[in-house]
Each structure stands twice: as C-alpha cells, then as structure tokens.
Amino acid sequence: MLIESFQNDKIKNVTKLLADNRFRKKSKVFVVEGQQENERALQYDFEPVEFFICENIFKGKLPESKIHQVSEKVYEKIAYRGSSEGIIGIYKTKDNMLSAFVPKENSTVIIVEGVEKPGNLGAILRSCEAFGIDALIVADGKADFYNPNVIRSSVGCLFGMEVYDAENEETLEFLQKNKFNIYTTLMDETAEDLYKRDFKQRSAVLFGTEHSGLSDFWVGKGKNTLIPMAGSIDSLNLSNAVAITCYESLKQKKG
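Residues numbered from 1 in each chain as written. Predicted model: local features only at pLDDT ≥ 70, side-chain atom pairs only at ≥ 80, totals over all residues. Heavy atoms only, no water.

Here the focus is the overall build of the chain. For the chain, the helix and strand inventory stands at 8 helices and 12 strands. At 20 Å, the chain has a C-alpha radius of gyration in line with the 18 Å of a compact globule built from 255 residues. For the chain, the spread of C-alpha atoms along the three principal axes comes to 65 × 40 × 35 Å. In the chain, which comprises 255 residues, the share counted as buried stands at 47%. Of all intrachain contacts in the chain linking residues separated by at least 6 positions in sequence, the fraction that spans at least 24 positions is 77%. Put simply, the chain shows about 13,300 Å² of open surface, and 47% of that area lies on carbon and sulfur atoms. Distance between charge centroids for the chain: 3 Å, based on 33 positive and 37 negative side chains. (Helix = DSSP H or I, 4+ residues; strand = E, 2+ residues; numbered from the N terminus. Rg over C-alpha atoms; globule rule 2.2 N^0.38 Å. Buried < 20%, exposed > 50% of the residue type's maximum accessible area, 1.4 Å probe, protein only. Contact = heavy atoms within 4.5 Å. Areas by Shrake-Rupley, 256 points an atom, 1.4 Å probe, with all protein chains shown as cover. Lys, Arg positive; Asp, Glu negative; His and termini not counted. Charge placed at Lys NZ, Arg CZ, Asp CG, Glu CD.)

Read from one edge of the open sheet, 5 strands run β1-β4-β3-β5-β2, paired in mixed fashion. This sheet does not close on itself; its edge strands, each paired only once, are β1 (2-3) and β2 (29-33). (Pairing = 2+ DSSP bridges.)

On to the packing of aromatic side chains. Applying the stated rule across the entire model yields 12 aromatic pairs. Cluster of aromatic residues (ring-pair linked, three or more members): F30, F46, F51, Y91, Y146 and F159. The ring centre of F23 lies 4.6 Å from the NZ or CZ of K16, which sits over that ring. (Phe/Tyr/Trp six-rings, centres within 6.5 Å; stacked < 30°, edge-to-face > 60°. Lys NZ or Arg CZ within 6 Å of the ring centre and 35° of its normal.)

Before going further, it helps to examine the sheet that holds strand β8 (residues 163-166). In space, the 7 strands of this open sheet follow the order β8-β7-β6-β11-β9-β12-β10, with parallel pairing throughout. Two strands bound the open sheet, and with one partner strand each, they are β8 and β10 (192-193). Where strand β9 (residues 181-184) lies against strand β12 (residues 223-226), 2 bridges are found, and the strand directions are parallel. Note that in β12 the partner of Y183 across the bridge is K223. Packing of helix α8 (residues 238-254) onto the sheet brings it into contact with β6 (108-113) and β11 (203-207), and relative to β6 it is tilted by some 170°. (Axes fitted to C-alpha atoms, helices over the stretch in contact; angles between N-to-C directions.)

Moving on, we get to the pairing of β11. A regular strand carries its side chains on alternate faces of the sheet. Judged by how many residues are buried, β11 sits mostly within the fold: 5 of 5 residues are covered. A two-sided burial pattern is seen for β11, the buried positions comprising S203, V205 and F207 on one face and A204 and L206 on the other. Strand direction decides the pairing type here: β6 and β11, joined by 5 bridges, are parallel. Bridging from a neighbouring strand, I110 pairs with V205 of β11. Judged from the 3 bridges that link them, β9 and β11 form a sheet pairing that is parallel. Following the sheet pairing, I182 is matched in β11 by A204.

This next bit is on a nonpolar patch on the surface. Taken together, the side chains of Y195, M229, L236 and I244 make up a nonpolar region of the molecular surface, amounting to roughly 330 Å² of accessible area. Position of Y195 relative to the elements: it lies in the loop between β10 and β11. The exposure class assigned to Y195 is partly exposed, which follows from its relative accessible area of 41%. (Patch = residues over 30% accessible without salt bridge, like charges linked within 9 Å, V, L, I, M, F, W, Y side chains within 5 Å. Salt bridge = Lys/Arg side-chain N within 4 Å of Asp/Glu carboxyl O.)

Laid out in structure tokens, this is it:
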C-alpha cells in the first residue's frame, strides 16, 4: 500500500524521531537516510525495523526487511537532506557502554569531552574511521550519536566505529586500568609536540571543546600534547585537530 498522507501514524513517528532526541532514546530506534548510509548500517549489523521507499527516486537494491512505499510528497516530508536517494531506514540503537570495549595492545583511542555539535561529532567520527582509530569516547558529552546530522556528516562512519559514552571518572578509570598512555591537549608550557608521542603503544588523546578546552578534571591526568604550527593562530578547529592526530597515529603504526 502506498502511503500518501502526512497524517499516517508511521510518517508522524518518523518525523518525531528526526526532531526529538528524547523520543529517540525512549523508543531505542533511529533514522538513517540515504543509500550508502543504509548499506553501512546493514553491513555493520545494525538491526533494521522498517524502511520507507519512494520508488520514483530510489534506484538501489531493496533491503530484505519490512518496506513501506511512500509518495514523493510524503518522502520530501520525512527526508532531512537537501538531496536524497529515496530510502529511509529505521534501526534499533546499540548500547554504548565503555565496559564492552576490549582494546588491543596498540589501540589508539580518541576522547572528546563535552562535544555538543552533531556536525562536529560526525566529522570526528569520519576521521577516526578513516585513519584506523580503535574507539571514540565522548566523555561528559551532550551530543546524541544517533542524531541525523551525526549520521549525515559522518557519511555513515558511525556504524563501523566503536563509539562509547561515559563520564569523565569512568573514562579515566578505564584508561588507567588498561594501561593507556594518556595525552591531554591543555594549553600550557608543559606541552610537547604530538609527533614525539608513541602511538605504537596503547594511547588515548583527549580533546576539549573549542570554546573552553579540556576541563580542570584532566589537569595532571596525562602528558600534555600539542600540534606544532607555523602560523600566528594558536589553535585549530576541533575536528581538524582530531584528524591530524588520527593521521599521526596511523603514520606511526605503518612506519
């Protein structure tokens, strides 16, 4: 049956899932739009609930799950991207408990404290996935992993990454228990160049918000680290700083 009404209960549910973080958490499901993003979600074993397909737009292979056909006008109502591919999937969320992470001997972990902007988190996820980071931990975070803008800006990289949400105290305890080298990014005279750090051993690099940096909780908890720069600017955009750090980790491991 073709869904043509905006008042259809399923269409109302999708719209609410897109707009309401609390409703997503309560429902334990989230929305994925786009062919590549849905393919990645299925590839990494996220459990699909149902799909909404607009036949006039969608050109890919239909997923083997419950499918609802929708009109173009209805699809435009539930699509949150400017350009789209005619497919929207609903998936069950996964638990993001840090205790589930089992690090390797040379694992590199990126930790971002208090990150709020979904676009920033998505860009960070993309860099972490591209450069082989073993896990991303959001410490005392306010961002929702399953926000549509996180999925969009990460181009679905969220699905192939180990991602965890934990308080600062839990994060520090985990790092110490698993004998990680802890590298903080506080702005002071004790900092040494990123390129002098050893990423062939278990390493965790911590970043704070662009506005205020790492909180006082992390003062004295690790070796302070900076990215050397030649210009007059003394700091970088958070996602850029993370990307450079991720690349340095990969370069050392391959070197």
